Amino acid sequence: MSLPEALQGRLRLPVIGSPMFIVSNPELVIAQCRAGVVGSFPALNARPESMLDEWLARISSELDAARAADPTAPIAPFAVNQIVHASNKRLEHDIGLCERYKVPIQITSLRAPDEVVASAHSYGGLVFHDVTNIKHAERALKAGVDGLILVCHGAGGHAGRLSPFALIPEVRSFYDGTIIASGAIAQGGSVLGALAMGADLAYIGTRFIASQEANAVDAYKQAVVDSSGEDIVYTDLFTGVHGNYLRSSIVAAGMDPDNLPAGDKSTMDFGSGGGSESKAWRDIWGAGQGVGQVGEVLPTAEIVEQLAQEYEAARTRLLGA
């Protein structure tokens, strides 16, 4: 087990709030960090690109002020997600801004993040990289990342095909660094389960969609509350990469979720939001298989409090105390 020094003593729970397209914004990130879990957002959510400067300034200053006001509080660091893909024309710009603000953690997706690693390490930052299989994990480690996010079957948005019971132990057999587990984790008992399998941190997205701070329309939040795991559709149609989406949003876009065509990887365009007429994540709403464990829309602080209570209840059950 390996938790980076930058996170030790700064978390209430071993949790990273995953970066969600459109949904993750400064309000959500700040609330997550102040509640004691890592908050994150995709750099591409700040549009136009000049807005990223404003977001980084605001998040940094508000978290610094919160730490100054209560030095004993477990206020977590924040993270920025970088999409390392040819269609992301602003990647160099966004990496430069993160270096200027010394963003504590950068989360990278898709291609191996060599340039992000070089930049982050120049100021002491960390890089965690999304992977769905062993090949991608090994390539990311060659790039020098500080941790691997194992995006397993059931995760919201872009997700892999492997069960965490398969991928986590296999990666742990050759890697003793930081592992973050992703895939249908929506309550505190699952966080503890991820640690029991060999992860150091859990990655939670879907539960935070149904938060008051999230930048999601009310219908999206309510759809998360109303849906079950069986309402998740796994398809590569919308971005060219397989991902999990809410069935109701696909139906609302006029498509049959049981008869979707295959996606075209050449249409991947993270500057425009997807390669189909209905855009992910504006029209087609991402969510993971843990959606059935989300019961209501709450403030982020209350969600983290519930997760903490569930986590401790699970520990008590296991210990028999």
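Refer to the structure above for everything that follows.
What comes next is a walk through the structure. Quick caveat, the model's predicted, so the values are computed rather than measured.

**Focus: the sheet that holds strand β7 (residues 157–158)**
Then step 1. The three strands lie next to each other as β7-β11-β10, forming an open sheet whose pairing is antiparallel. The open sheet terminates on both sides in strands that have one partner only, identified here as β7 and β10 (232–235).
Then step 2. Judged from the four bridges that link them, β10 and strand β11 (residues 243–246) form a sheet pairing that is antiparallel. Across the sheet, residue Val233 finds its bridge partner in β11, namely Tyr245.

**Considering the pattern of salt bridges**
Oppositely charged side chains may form a pair once their charged atoms are brought near each other.
Then step 1. Summed over all chains, the structure comprises 13 salt bridges.
Then step 2. Here Arg111 ties to Glu115 by a salt bridge, and the two come within 3.2 Å at their closest N and O atoms.
Then step 3. With a relative accessible area of 31%, Glu115 lands in the partly exposed category.
Then step 4. With a shortest N-O distance of 3.0 Å, Arg207 and Glu310 are connected by a salt bridge.

**Quick look at the sheet that holds strand β5 (residues 126–131)**
Then step 1. If you walk across this open sheet you meet the eight strands as β1-β9-β8-β6-β5-β4-β3-β2, and the pairing is parallel. The open sheet terminates on both sides in strands that have one partner only, identified here as β1 (15–17) and β2 (39–42). When the angles between neighbouring strand axes are averaged without regard to direction, this sheet yields 25 degrees.
Then step 2. Strand direction decides the pairing type here: β1 and strand β9 (residues 201–204), joined by three bridges, are parallel. For Gly17, the partnering residue across the bridge sits in β9 and is Ile204.
Then step 3. Sheet strands touched by helix α4 (residues 114–122): β3 (78–84), β4 (105–110) and β5. Its angle to β5, the strand with the most contacts, is close to 160 degrees.
Then step 4. Along the sheet, helix α5 (residues 134–142) contacts β5 and β6 (147–151); its crossing angle with β5, the most-contacted strand, is approximately 160 degrees.

**Remarks on the packing of aromatic side chains**
Then step 1. Throughout the structure, instances matching the rule amount to three aromatic pairs.
Then step 2. Here Tyr220 and Trp285 contribute two aromatic rings whose centre-to-centre distance is 4.8 Å and whose plane-to-plane angle is 10 degrees, an arrangement assigned as stacked. Placement of Tyr220 in helix α9 (residues 218–226) and of Trp285 in the loop between α10 (247–252) and α11 (300–319) is noted, with a sequence separation of 65 residues between them.
Then step 3. Here Tyr220 falls in the buried class, since its relative accessible area comes to 6%.

Parameters and conventions
Residues numbered from 1 in each chain as written. Predicted model: local features only at pLDDT ≥ 70, side-chain atom pairs only at ≥ 80, totals over all residues. Heavy atoms only, no water. Pairing = 2+ DSSP bridges. Helix = DSSP H or I, 4+ residues; strand = E, 2+ residues; numbered from the N terminus. Salt bridge = Lys/Arg side-chain N within 4 Å of Asp/Glu carboxyl O. Buried < 20%, exposed > 50% of the residue type's maximum accessible area, 1.4 Å probe, protein only. Axes fitted to C-alpha atoms, helices over the stretch in contact; angles between N-to-C directions. Contact = heavy atoms within 4.5 Å. Phe/Tyr/Trp six-rings, centres within 6.5 Å; stacked < 30°, edge-to-face > 60°.

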